[in-house]
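Examining the three-dimensional arrangement
The chain contents come next:
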Amino acid sequence: MEFTEAYKQTGPCCFSPNARYIAVAVDYRLVIRDTLSFKVVQLFSCLDKISYIEWALDSEYILCGLYKRPMIQAWSLTQPEWTCKIDEGPAGIAYARWSPDSRHILTTSEFQLRLTVWSLVNTACVHVQWPKHASKGVSFTQDGKFAAICTRRDCKDYINLLPCHSWEIMGVFAVDTLDLADIQWSPDDSAIVIWDSPLEYKVLIYSPDGRCLFKYQAYESGLGVKSVSWSPCGQFLAVGSYDQMLRVLNHLTWKTFAEFMHLSTVRVPCCAAVFKEVDEPLQLDMSELCLDDDFMRGSADAPEGHFKVRYEVVEVAITLPFQKPPADKPNPKQGIGLLSWSNDSQYICTRNDSMPTALWIWDIRHLELAAILVQKDPIRAAAWDPICTRLVLCTGSSHLYMWTPSGAYCVSNPLPQFSITDLKWNSDGSCLLLKDKESFCCAAVPLLPESSDYSSDD
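A brief look at the structure comes next.

Each value, and the rule that gives it
- Residues numbered from 1 in each chain as written.
- Predicted model: local features only at pLDDT ≥ 70, side-chain atom pairs only at ≥ 80, totals over all residues.
- Heavy atoms only, no water.
- Salt bridge = Lys/Arg side-chain N within 4 Å of Asp/Glu carboxyl O.
- Helix = DSSP H or I, 4+ residues; strand = E, 2+ residues; numbered from the N terminus.
- Buried < 20%, exposed > 50% of the residue type's maximum accessible area, 1.4 Å probe, protein only.
- Patch = residues over 30% accessible without salt bridge, like charges linked within 9 Å, V, L, I, M, F, W, Y side chains within 5 Å.
- Areas by Shrake-Rupley, 256 points an atom, 1.4 Å probe, with all protein chains shown as cover.
- Pairing = 2+ DSSP bridges.
- Axes fitted to C-alpha atoms, helices over the stretch in contact; angles between N-to-C directions.

**Details of the pattern of salt bridges**
Counted by the stated rule, this structure contains 18 salt bridges. In this structure, Lys-226 and Asp-353 form a salt bridge, with 2.7 Å as the shortest nitrogen-oxygen distance. Within this pair, whereas Lys-226 is found in strand β23 (residues 225–230), its partner Asp-353 is found in the loop between β32 (347–352) and β33 (358–363), the two being separated by 127 residues in sequence. Asp-353 sits in the buried class, given a relative accessible area of 14%. Between Asp-353 and Arg-351 there is a salt bridge; the shortest N-O distance is 2.9 Å. Ionic contacts of the salt-bridge type, sharing partners, join the residues Lys-132, Arg-152, Asp-157 and Asp-179 into one network.

**Overview of a nonpolar patch on the surface**
On the surface, Phe-111, Leu-113 and Trp-130 cluster together into a nonpolar patch covering about 370 Å² of accessible area. Here Phe-111 is to be found in the loop between β12 (104–108) and β13 (114–119).

**Regarding the sheet that holds strand β9 (residues 71–76)**
The strand order across the open sheet built from four strands is β7-β8-β9-β10, with neighbouring strands paired in antiparallel fashion. With partners counted over all chains shown, the strands left at the sheet margins are β7 (52–55) and β10 (83–86), one partner each. When strand polarity is set aside, the average angle formed by the axes of neighbouring strands in this sheet is 20°. Relative to β9, strand β8 (residues 61–66) runs antiparallel, the two sharing six bridges.

**A word on the sheet that holds strand β11 (residues 95–98)**
Across the sheet, which stays open at both edges, the four strands sit in the order β11-β12-β13-β14 with antiparallel pairing between neighbours. Among the strands making up the open sheet, the edge pair consists of β11 and β14 (125–129). Adjacent strand axes in the sheet meet at a mean angle of 20° when their direction is disregarded. Relative to β13, β12 runs antiparallel, the two being bridged by five bridges.

Here is the structure:
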């Protein structure tokens, strides 16, 4: 892998959907760089510090959320002189997003008073009253023709269906939730899944015409759903719960066909590969070196040793580090907080938040545990390659960790004092964006060969 030099950032950074550009927030400036040359191609100045950025799907426009104002500014890469500013006045702006046609911006006001659809074509706007959430509760079909928006009135949750060409409400139906958490269209646009807040275990599948196709409730009297994700193929629905289990439903009968437990002790007959991150001090032969006293005094103040990191394959049984959440504090760190499908829908990776240093990789085709990656530090982020079966994760250290069906390996970032706290793939799988606290860099990722055989060494 080849790494670029580090560049300054003070907020969000993201690739454009066409993978040609990187947008970076540097205080009140929006910097657009070319992905290949890293040269600055556009520089826009906003009215305040940038809190949020999002590309339009056509990669021609980009919006900046200035939530301290609160205000939205949008820019065009092809027409740098074109500007757009959205200000809701006293209502404020809590969140903003693009519509799939890249010509409308949806903003949610503070206190969820209303959701407004702003047109960049004719400056018209449409209001939807009482949206349920600011950043959640809105989902678009894969073809971009329809939107489902969750609203709440008279202590009841509703789903509003709107066509994305006219934005006139074409249908409204009530849903059987106490406190709706979020909504997702299925990848084939044939169904809508909604789930309740953690206080009530309830996953509901609705057809677009408002019929309830299935109601799923794994248990009662306990914290419920924590994460939900459709598989890219649309045939499976994964539900992660606070009871530290992953359940997978099929799209034909909506019945559960797999239940995966995240136990702190992994025993036989489990045949999963367990990769444990270990340190190896660099072995330097210094017997023939003569060092003066000044150097020795200076080295005493230097950071402790230099280490090479690698994965060690561990035999089961193994006990994973486990943190029992305190019973007297809200939002306990337990349950399936991280849930992500591979691009071919064969694998799914999970993190049980009470075991934050372990990443579990499940094989859906064989309905078994494929691998466990045991890190030294809690896992910050994990993302699948959008093109092939390759998983990358980071833990806030200077290393990247990768897994493929052939094995796992570690990659050291050569930049000094660069701790990888977040990562993102570009859409063609050729480049990774790596974030530190105040800087970012990119890494060119080689294509995965047909039969990859990686060692676990650095």
